[in-house]
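# Breakdown of the fold
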Amino acid sequence: MPATESPRANWSYPTAIRFGAGRISEIGEACVAAGIRQPLLVTDRGLANLPITQDTLDLLEQAGLGRAIFAEVDPNPTELNAEAGIRAYRDGGHDGVVAFGGGSGLDLGKLMAFMAGQSRPIWDFEDIDDWWTRADADGIAPIVAVPTTAGTGSEVGRASVITNSVSHEKKIIFHPKILPTVVICDPELTVGMPRPITAGTGMDAFAHCLEAFCSPHYHPMSQGMALEGMRLVKENLPRAYADGTDIKARAHMMSAAVMGATAFQKGLGAIHALSHPIGAVHGSHHGTTNAVFMQAVLRLNRPAIAERIASAADYLGIADGFDGFHAFVGEMNAALGIPGSLALLGVVDPDIDALVDAALRDPSCGGNPVELTRENLTTLLRECLEGS
């Protein structure tokens, strides 16, 4: 591939992915391939009227697939958003969803397609034990996912993250068929991302790779993917942040996002266990919150991961093993304008006990290499409130 050329490929892992600049032009073909003839495009309010969204609706209309959109999606979507979306889906006679946007639009779109044919409430399908088997699999509508950020990787996920509007807890709703049927990864759609969102979503991808790499569970495929994903972020996020039109860097970041979300089948950890309740209660950006916690969690986990992180540092070209890797994370955060504390992120007067309780209930706890307790999570949270 020439040095200036953006990568382009068709992948079938973990689902059918059409990857490359300009491939949003294939949205009509992708819907037909997924068995969708009357799609509902689901996105967030901020994207609804932007050219990339309106152009996509034009393409759907030109393909004879209608022009329907649902955009009542909060930054941390709730079951209330889902209920409104499901009504719109059913009232419109739709037969599938185009989930379009960042994590919020992707997660809610996937959840709507999942719930449109179910008779039980959303919370009956939380990612606990085998609760997913309660679902009517035949009632799950097909999904085409189109990410417009490079971070969450929700486009290749088998779950949706949804906030309970009453308890203010983030819940994970899981079913294997929530995995989109077709994904279009077009880096041109990410060119207009503001720099803070480029940074936050990029660090989300890095957090997915890092926590998967450190998870003690056995999954060699995910381990390799997590390591290479970290390399792609290290080399390309600073470039995408410095020049949002660097399409090759944007493309590599989209790959890193897919890799991180695929890798974390191996597990996540304390970064996400704490980031989920902080985002649910305080409305902070998920990836940016992950970045704020990252160094402190590395220190917490050091007894269990020092050797593993040293091997990653070697691969990434970082000197001084664990200490060098830890310093690199801090330097990257600073270079990307990531706030140095939760307080600077807008987390004011938090209920620490309630946040720790929620973190201990979060499924991500199970993948942390050091056992998480009320004591060490409280210490970690207090440390990050004023700066790690």
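Just so you know, these numbers come straight off a predicted model, no measurement behind them.

What counts as what
Residues numbered from 1 in each chain as written. Predicted model: local features only at pLDDT ≥ 70, side-chain atom pairs only at ≥ 80, totals over all residues. Heavy atoms only, no water. Helix = DSSP H or I, 4+ residues; strand = E, 2+ residues; numbered from the N terminus. Contact = heavy atoms within 4.5 Å. Axes fitted to C-alpha atoms, helices over the stretch in contact; angles between N-to-C directions. Parallel < 35°, antiparallel > 145°, perpendicular 65-115°, else oblique. Left-handed = near helix turned anticlockwise from the far one by under 90°. Nonpolar A, V, L, I, M, F, W, Y, C, P; charged D, E, K, R; others polar. 1 Å grid on protein atoms, 1.4 Å probe; cavity = no way out; pocket = protein on both sides within 12 Å on 5 of 7 lines; lining within 4 Å. Points joined across faces, edges and corners; volume = space filled by probe spheres on them. Core = buried A, V, L, I, M, F, W, Y, C linked by side-chain atoms within 4.5 Å. Buried < 20%, exposed > 50% of the residue type's maximum accessible area, 1.4 Å probe, protein only. Pairing = 2+ DSSP bridges. Salt bridge = Lys/Arg side-chain N within 4 Å of Asp/Glu carboxyl O.

### Structural notes on the environment of Gly244
For Gly244, the location among the structural elements is in the loop between helix H7 (220-242) and helix H8 (247-263). Along the chain, Gly244 and Asp129 lie 115 residues apart, while their C-alpha atoms are 42 Å from each other. Those residues in contact with Gly244, other than ones at most four positions away along the chain, are Val191 and Arg250.

### Describing the packing of helix H4 (residues 79-91) against helix H5 (residues 103-115)
At a minimum axis distance of 9 Å, the contact between H4 and H5 shows a crossing angle of 60°. The angle between H4 and H5 places the two elements in the oblique class. Between H4 and H5 lies a crossing whose hand is right-handed. Packed against H4, whose contacting residues are Asn81, Ala82, Gly85, Ile86 and Arg90, the element H5 presents Leu108, Leu111, Met112 and Met115 at the interface. Of the residues belonging to the contact of H4 with H5, the class tally is 6 nonpolar, 2 polar and 1 charged.

### Remarks on the layout of surface pockets
Here the second largest pocket is characterised by a volume of approximately 190 Å³. Forming the walls of the second largest pocket are 13 residues, and the residues nearest its centre are Trp11, Met225, Ser255, Val258 and Met259. At the level of elements, strand S2 (16-19), H7 and H8 are the ones that each hand at least two residues to the lining of the second largest pocket. The dominant element in the lining of the second largest pocket, judged by the number of residues it contributes, is H8, at 5 residues. Among the residues making up the lining of the second largest pocket, the classes are represented as 10 nonpolar, 3 polar and no charged.

### Section: the nonpolar core
Ranked by internal contacts, the top residues of the largest apolar core, which has 98 residues, are Phe206, Leu210, Met230 and Phe325. If one sorts the elements of this core by residue count, helix H10 (residues 286-316) sits on top with 12 residues. For Leu210, the residues in contact, after removing those within four places along its chain, are Met230, Ile271, Met294, Leu298, Ile309 and Phe325. Residues Ile24, Cys31, Ala34 and Ile184 belong to the second largest nonpolar core, which totals 17 residues.

### With respect to the pairing of strand S7 (residues 159-163)
The pairing of S7 with strand S8 (residues 170-174) spans 5 bridges and is antiparallel. For Ala159, the partnering residue across the bridge sits in S8 and is Phe174.

### Re the side chain of Lys171
Structurally, the position occupied by Lys171 is in strand S8. In this structure Lys171 comes out as buried when scored by relative accessible area, which is 17%.

### Remarks on the pattern of salt bridges
Where side chains of opposite charge bring their charged atoms close, a pairing between them can arise. Scanning all chains against the criterion turns up 18 salt bridges. Linking Arg239 and Asp246 is a salt bridge whose minimum nitrogen-to-oxygen distance equals 3.0 Å. Taking the relative accessible area as the measure of exposure, Asp246 reaches 17% and is therefore buried. Asp357 is the salt-bridge partner of Arg374, the closest N and O atoms lying 2.4 Å from each other. Of this pair, Arg374 sits in helix H13 (residues 374-386) while Asp357 sits in helix H12 (residues 352-361); the two residues are 17 residues apart in sequence, bridging distant segments of the chain. Residue classification places Arg374 among the partly exposed residues on the basis of a relative accessible area of 37%.

### Here's the deal with empty space enclosed by the protein
Applying the stated criterion across every chain, the model contains 2 cavities of 30 Å³ or more. Approximately 80 Å³ is the volume found for the largest cavity. Lining of the largest cavity is provided by 13 residues; of these, Glu211, Cys214, Ile271, Val297 and Asn301 occupy positions nearest its centre. If you list the elements that add at least two residues to the lining of the largest cavity, you get helix H6 (195-214) and H10. It is H10 that contributes the most residues to the lining of the largest cavity, 4 residues altogether. When the residues that make up the lining of the largest cavity are grouped by side-chain class, the tally is 8 nonpolar, 4 polar and 1 charged.

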